[in-house]
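Letter by letter, the chains look like this.
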Amino acid sequence: MMRQQLESSMNAELEKLLDSTEGSDREVSRKDFEGFRNLFQRFLQVKGPSIEWIKIQRPPEDSVASGLVHKAG
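Presented here is a report on the structure given in the accompanying data block.

Parameters and conventions
- Residues numbered from 1 in each chain as written.
- Predicted model: local features only at pLDDT ≥ 70, side-chain atom pairs only at ≥ 80, totals over all residues.
- Heavy atoms only, no water.
- 1 Å grid on protein atoms, 1.4 Å probe; cavity = no way out; pocket = protein on both sides within 12 Å on 5 of 7 lines; lining within 4 Å.
- Points joined across faces, edges and corners; volume = space filled by probe spheres on them.
- Nonpolar A, V, L, I, M, F, W, Y, C, P; charged D, E, K, R; others polar.
- Helix = DSSP H or I, 4+ residues; strand = E, 2+ residues; numbered from the N terminus.
- Expected span 1.5 Å × (residues − 1).
- Buried < 20%, exposed > 50% of the residue type's maximum accessible area, 1.4 Å probe, protein only.
- Arc of directions from axis to C-beta.
- Contact = heavy atoms within 4.5 Å.

**A word on the layout of surface pockets**
When its volume is computed, the largest pocket comes out at roughly 320 Å³. As for the largest pocket, its lining consists of Arg3, Phe43, Leu44, Val46, Lys47, Gly48, Pro49, Ser50, Ile51 and Trp53. In terms of residue class, the lining of the largest pocket is built from six nonpolar, two polar and two charged.

Written out as structure tokens, the structure is:
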């Protein structure tokens, strides 16, 4: 039941995003979203090891270099 609710919620949010696009961007976005939905369905069908989120640790603060983001100007 929870998967159905999550999938329904995801679809509703994707439709909201799609409604915010116009013209040729709308068709490209529609195709991208459909591809994402297909991948998500495949993900839900695969049985495999679960992630033990409690064991996931944050990377050390110095492991990510700052100042690497460049803005287009």
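**What about helix H1 (residues 2-19)?**
Given a rise of 1.5 Å per residue, 18 residues ought to cover 26 Å, and the 26 Å separating the end C-alpha atoms of H1 matches this to within 8%. Within H1 the residues assigned to the buried category are Met10, Leu14 and Leu18. When H1 is viewed along its axis, its buried side chains cluster within an angular range of 80 degrees and face the same direction. For H1, exposure combined with an orientation more than 90 degrees from the buried face picks out Met2, Lys16 and Asp19. Residues of H1 that are buried sit in contact with helix H2 (23-45).

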